[in-house]
Amino acid sequence: MKILQYPDERLHLVASRVDVFDEALKTLVSDMLETMYAAPGVGLAATQVDVQKQIIVTDLSENRDKPVVLINPEIIATSGRSYIEEGCLSVPGIFESVERAENITVSARNQDGEPFEIRADGLLSVCIQHEIDHLKGKVFVEYLSRLKQTRILAKMKKLARERM
Ligand code: NI
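The paragraphs below set out a description of the structure included in this document.

1. Quick look at the overall build of the chain
Now for step 1: When helices and strands are tallied, the chain shows three helices and seven strands.
Now for step 2: The secondary structure elements of the chain, listed N-terminal to C-terminal, are α-β-β-β-β-β-β-β-α-α.
Now for step 3: Scaling as 2.2 N^0.38, a compact globule of 164 residues should have a C-alpha radius of gyration of about 15 Å, and the chain matches this with 15 Å.
Now for step 4: Structurally, the chain occupies a C-alpha span of about 45 × 40 × 30 Å along its principal axes.
Now for step 5: In the chain, which comprises 164 residues, the proportion classed as buried is 43%.
Now for step 6: Once local pairs closer than 6 in sequence are excluded, the contacts in the chain between residues at least 24 apart make up 64%.
Now for step 7: Working note: accessible area of the chain is about 9000 Å², and carbon and sulfur atoms make up 51% of it.

Given below as structure tokens:
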């Protein structure tokens, strides 16, 4: 799948909840995982592949064989503060720290529609918060100062020109 590049307007679309858990959904999740691994990246939200559904995939394992799939994810508890450098497949080459919760509890559904909860800290916590933001139409660079955002936009425009 093609990953939308910042500042593509479609990255600001808000995703809808998934209420049909069928074969098409499983195919979509598997295509998203393939896209994330190929990029390569550690997380991908459906918004980034131009699908406005509340689906995120992540894999922080060393062997890239422990995918975490969260459908309709909702943060139900947070604690602490963390400040870890983040990157994004939609904003290549940019790495910046953003303030996040340190620990989170997330309720979500799996591909079969079964509800579950996951507690996360460290990188996984930051990654899930970053991806949930995508589903709300928010890209991490939008937390940065105006000056930094202007620089990032200039860099992205240059990259886009080079791709043409
Ligand atoms: Ni991202």
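2. Structural notes on the coordination of the nickel ion
Now for step 1: For the nickel ion, the full set of protein donor atoms is Cys88 (SG), His130 (NE2) and His134 (NE2), at a range of 2.1 to 2.2 Å.
Now for step 2: Mapping the donors of the nickel ion onto the primary sequence gives the spacing C-x41-H-x3-H. One end of the pair is His130 and the other is His134, both in helix 2 (residues 122-135) and four residues apart, which spans about a single turn. His134 carries the same exposure label as His130, and that label is buried.

3. Here's the deal with unusual backbone geometry
A negative phi holds for most residues other than glycine; trans holds for most peptide bonds.
Now for step 1: In the segment running from Tyr6 into Pro7, the intervening peptide bond is cis, with an omega of 5 degrees.
Now for step 2: Relative to the elements of secondary structure, Pro7 occurs in the segment before helix 1 (23-38).
Now for step 3: Of the consecutive residues Ala39 and Pro40, the connecting peptide bond is found in the cis state with omega at -10 degrees.
Now for step 4: A positive phi angle, near 55 degrees, is found at Arg64, a position not held by glycine.
Now for step 5: The residue Arg64 is located in the loop between strand 2 (55-58) and strand 3 (68-79) in this model.
Now for step 6: You will see that Asn72, though not glycine, has its phi angle at about 50 degrees, which is positive.
Now for step 7: Mapped onto the fold, Asn72 is located in strand 3.
Now for step 8: The exposure class assigned to Asn72 is buried, which follows from its relative accessible area of 4%.

4. Points about the pairing of strand 2
Now for step 1: Judged by which residues are buried, strand 2 turns out to be covered on both faces: Ile55 and Val57 on one side and Ile56 and Thr58 on the other are all buried.
Now for step 2: In the sheet, strand 1 (residues 43-45) pairs with strand 2 via three bridges, with the strands oriented antiparallel. Considered in strand 2, the bridge of Gly43 is made with Thr58.

5. Considerations on the packing of aromatic side chains
Now for step 1: Going through the model one piece at a time under the given rule, you end up with zero aromatic pairs.
Now for step 2: Here the basic side chain of Lys138 rests over the ring of Tyr143, its NZ or CZ set 4.3 Å away from the ring centre.

6. As for the layout of surface pockets
Now for step 1: Volume-wise, the largest pocket comes out at about 340 Å³.
Now for step 2: In terms of lining, the largest pocket is formed by 23 residues, of which the most central are Val42, Gly43, Glu86, Gly87 and Cys88.
Now for step 3: Every element with two or more residues in the lining of the largest pocket is listed here: strand 4 (82-86) and helix 2.
Now for step 4: No other element matches the six residues that helix 2 contributes to the lining of the largest pocket.
Now for step 5: A breakdown of the residues in the lining of the largest pocket according to their chemical character gives 13 nonpolar, seven polar and three charged.

The rules we used
- Residues numbered from 1 in each chain as written.
- Predicted model: local features only at pLDDT ≥ 70, side-chain atom pairs only at ≥ 80, totals over all residues.
- Heavy atoms only, no water.
- Helix = DSSP H or I, 4+ residues; strand = E, 2+ residues; numbered from the N terminus.
- Rg over C-alpha atoms; globule rule 2.2 N^0.38 Å.
- Buried < 20%, exposed > 50% of the residue type's maximum accessible area, 1.4 Å probe, protein only.
- Contact = heavy atoms within 4.5 Å.
- Areas by Shrake-Rupley, 256 points an atom, 1.4 Å probe, with all protein chains shown as cover.
- Donors = N, O, S within 2.8 Å, 3.2 Å for Na, K, Ca; no water.
- Pairing = 2+ DSSP bridges.
- Phe/Tyr/Trp six-rings, centres within 6.5 Å; stacked < 30°, edge-to-face > 60°.
- Lys NZ or Arg CZ within 6 Å of the ring centre and 35° of its normal.
- 1 Å grid on protein atoms, 1.4 Å probe; cavity = no way out; pocket = protein on both sides within 12 Å on 5 of 7 lines; lining within 4 Å.
- Points joined across faces, edges and corners; volume = space filled by probe spheres on them.
- Nonpolar A, V, L, I, M, F, W, Y, C, P; charged D, E, K, R; others polar.

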